[in-house]
Number of protein chains: 2
Amino acid sequence: MQLTGYPGRMERTSFSKWNCSVAQCLEVVGEWWSMLIVRDAFMGIRRFDDFQRDLGISRNILNQRLNHLVEFGVLSKEPYCERPLRYQYRLTEKGRDLWPVLTAIRQWGDTYQAPDGPPVELVHKGCGHTSTAVMHCSVCDEPIEAGDMKVAPGPGYKGDSILPVLRAVSRS
Amino acid sequence: MQLTGYPGRMERTSFSKWNCSVAQCLEVVGEWWSMLIVRDAFMGIRRFDDFQRDLGISRNILNQRLNHLVEFGVLSKEPYCERPLRYQYRLTEKGRDLWPVLTAIRQWGDTYQAPDGPPVELVHKGCGHTSTAVMHCSVCDEPIEAGDMKVAPGPGYKGDSILPVLRAVSRS
């Protein structure tokens, strides 16, 4: 897999102190490689060498990323071989719950960045058709889009946090 | 907004050559700051100084990230002041279509990384209730989860690409 270089390096910032669930999710899986590791795990890849072969990533960075995902409970790490000691990585429930994130990312890529059409499609076993995921309201079951929704402070809202919430609330 | 440092720098890799829509989406919005800029844009922020104040990001990095999002058609850039020349940034249709990505990211953060509860909630204007987004099948309208879906090669699938698709297909 041929990788092209990217000009420049970027300072990594931790979002851990931000009172924002977008930032908190990115703190866990917002690193370049993390969502591709999660993608591979959904596809059934378990072993270090298989991740490494599929992603073409350096062993050092892959090791860092896997440890980070284990530390945050997205992957579990268990030995599958004693001599030499080898581990396999599996999605935890927390990791499997990233499926909507992965799916939304993939579908946007299919729509806007796949000139030859989607490389991969999902078939809904229930109805047997090639399907895309559409977001529906958890209460009334109707399909929802950005314009259908209004932002409101939640139980974890702290007055000192994000400016845009204040603005959005004041506009509503 | 206090940011903590993160040990080490990470080499940036371009995914532009990968035949994978997850990688292609990450190529556009996978950078640390990009989804937070998109979040702010959804909340109504338009101007450089407002992004800068809200994110606490350096002007140099913010400028790079905004230009990247403009280059890939996620944001449009138009002058709002002639002297001095000042621009505002707005989500394009391509940018607004990131709403499911942003929503899935936020909801996962709410579930797993928000010990005091969601800082922000969305109210569905249609039914008037605080709501979460649930993925449904575009064909039969039933709710779907990872285990309900089977991977298949799509029209853009190229034999030389991703290993896990082959594996998943061979397992199904």
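The structure presented is a predicted model; accordingly, all values stated were derived computationally and were not measured. (Residues numbered from 1 in each chain as written. Chains lettered and ligands numbered in written order. Predicted model: local features only at pLDDT ≥ 70, side-chain atom pairs only at ≥ 80, totals over all residues. Heavy atoms only, no water.)

Draft legend 1. Structural context of the overall build of chain A. Across its full length, chain A carries 7 helices and 8 strands. Burial statistics for chain A: of 172 residues in total, 51% are counted as buried. Excluding contacts between residues fewer than 6 apart, the proportion of contacts in chain A whose partners are at least 24 apart in sequence is 36%. A total of about 7,900 Å² of accessible surface is found on chain A, and carbon and sulfur atoms cover 48% of it. (Helix = DSSP H or I, 4+ residues; strand = E, 2+ residues; numbered from the N terminus. Buried < 20%, exposed > 50% of the residue type's maximum accessible area, 1.4 Å probe, protein only. Contact = heavy atoms within 4.5 Å. Areas by Shrake-Rupley, 256 points an atom, 1.4 Å probe, with all protein chains shown as cover.)

Draft legend 2. Representation of the sheet that holds strand β5 (residues 120-124) of chain A in the model. Across the sheet, 3 strands lie side by side as β6(A)-β5(A)-β8(B); this open sheet has antiparallel pairing. This sheet does not close on itself; its edge strands, each paired only once, are β6 (130-131) of chain A together with β8 (149-153) of chain B. The sheet contact formed by β5(A) and β6(A) spans 2 bridges and is antiparallel. Of the residues in β6(A), the one forming a bridge with V123(A) is T130(A). (Pairing = 2+ DSSP bridges.)

Draft legend 3. Structural detail: the relation of the copies chain A and chain B. At an RMSD of 0.0 Å, chain A and chain B line up after a rotation of 180° and a shift of 0.0 Å along the axis. With respect to symmetry, the two chain copies, as superposed, fit the operation of a two-fold axis. Among all C-alpha atoms of chain A, that of M135(A) lies closest to the rotation axis, at 2.3 Å. The overlap is high: 100% of the interface residues of chain A also sit at the interface in chain B, so the same surface is used on both sides. (Least-squares fit on C-alpha atoms with pLDDT ≥ 70 in both.)

Draft legend 4. Structural view of helix α6 (residues 99-112) of chain A. Residue and element names in this part refer to chain A. Between the first and last C-alpha of α6 there are 20 Å, a value that for 14 residues agrees with the 20 Å anticipated at 1.5 Å per step. Within α6, 11 of the 14 residues are buried, which leaves it mostly tucked inside the rest of the structure. Buried within α6 we find W99, V101, L102, T103, A104, I105, R106, Q107, W108, G109 and D110. (Expected span 1.5 Å × (residues − 1).)

Draft legend 5. Examining the state of the cysteines more closely. By the definition in use, this model includes 0 disulfides over all chains. C127(A) carries a free sulfur, and the closest cysteine sulfur to it, the one in C137(B), is 3.9 Å from it. (Disulfide = S-S within 2.5 Å.)

Draft legend 6. Spatial organisation of a negative patch on the surface. A cluster of like negative charges, contributed by D141(A), E142(A), D141(B) and E142(B), occupies part of the molecular surface. Position of D141(A) among the secondary structure elements: in the loop between β7 (133-137) and β8 (149-153). (Patch = residues over 30% accessible without salt bridge, like charges linked within 9 Å, V, L, I, M, F, W, Y side chains within 5 Å. Salt bridge = Lys/Arg side-chain N within 4 Å of Asp/Glu carboxyl O. Lys, Arg positive; Asp, Glu negative; His and termini not counted. Charge placed at Lys NZ, Arg CZ, Asp CG, Glu CD.)

Draft legend 7. Main features of the packing of helix α2 (residues 34-42) of chain A against α6(A). All names here are of chain A. Running from N to C, α2 and α6 cross one another at 105°; their axes reach a closest spacing of 11 Å. Between α2 and α6, the interaxial angle falls into the category roughly perpendicular. Mapping the contact onto sequence places M35, R39 and F42 in α2 and W99, V101, L102 and I105 in α6. Along the lines of polarity and charge, the residues of the contact of α2 with α6 split into 6 nonpolar, no polar and 1 charged. (Axes fitted to C-alpha atoms, helices over the stretch in contact; angles between N-to-C directions. Parallel < 35°, antiparallel > 145°, perpendicular 65-115°, else oblique. Nonpolar A, V, L, I, M, F, W, Y, C, P; charged D, E, K, R; others polar.)

Draft legend 8. The arrangement of the packing of helix α1 (residues 21-29) of chain A against helix α6 (residues 99-112) of chain B in detail. In the contact formed by α1(A) and α6(B), the axes pass within 7 Å of each other and the chain directions differ by 85°. Classed by the angle they form, the pair α1(A) and α6(B) counts as roughly perpendicular. Contacts between α1(A) and α6(B) pair S21(A), V22(A), C25(A), L26(A) and V28(A) from the former with L102(B), I105(B), R106(B), W108(B), G109(B) and D110(B) from the latter. For the contact of α1(A) with α6(B), a count of residues per class yields 7 nonpolar, 2 polar and 2 charged.

Draft legend 9. Structural detail: the pairing of strand β4 (residues 86-91) of chain B. Residues and elements named next belong to chain B. One ladder, built from 6 bridges, connects strand β3 (residues 75-81) with β4; its direction is antiparallel. Residue L75 lies in a different strand from β4, and its bridge partner there is L91. Once β3 ends, the chain turns through 4 residues before running back antiparallel as β4.

Draft legend 10. Focus on the packing of aromatic side chains. Scanning all chains against the criterion turns up 2 aromatic pairs over all chains. Each ring, one from W108(A) and one from Y112(A), has its centre 5.5 Å from the other, and the planes form 45°; the classification is tilted. In this pair, W108(A) and Y112(A) both sit in helix α6, 4 residues apart, roughly one turn of the helix. For W108(A), a relative accessible area of 3% puts it in the buried group. On the basis of relative accessible area, Y112(A) is assigned to the partly exposed category, the value being 26%. Positioned above the aromatic ring of Y80(B), the side-chain terminus of R47(B) is 3.8 Å from the ring centre. (Phe/Tyr/Trp six-rings, centres within 6.5 Å; stacked < 30°, edge-to-face > 60°. Lys NZ or Arg CZ within 6 Å of the ring centre and 35° of its normal.)

Draft legend 11. Up close: the environment of D97(A). Mapped onto the elements of the fold, D97(A) is located in the loop between α5 (93-96) and α6. On a C-alpha basis, the gap between D97(A) and V74(A) in space is 9.0 Å, while along the polypeptide they are 23 residues apart. When neighbours within four sequence positions are excluded, D97(A) is seen to be in contact with W108(B) and Y112(B). Looking at D97(A), its side chain comes within polar contact range of the side chain of Y112(B), at 2.4 Å. (Polar contact = N/O pair within 3.5 Å; in protein donor to acceptor, adjacent residues only side chain to side chain.)

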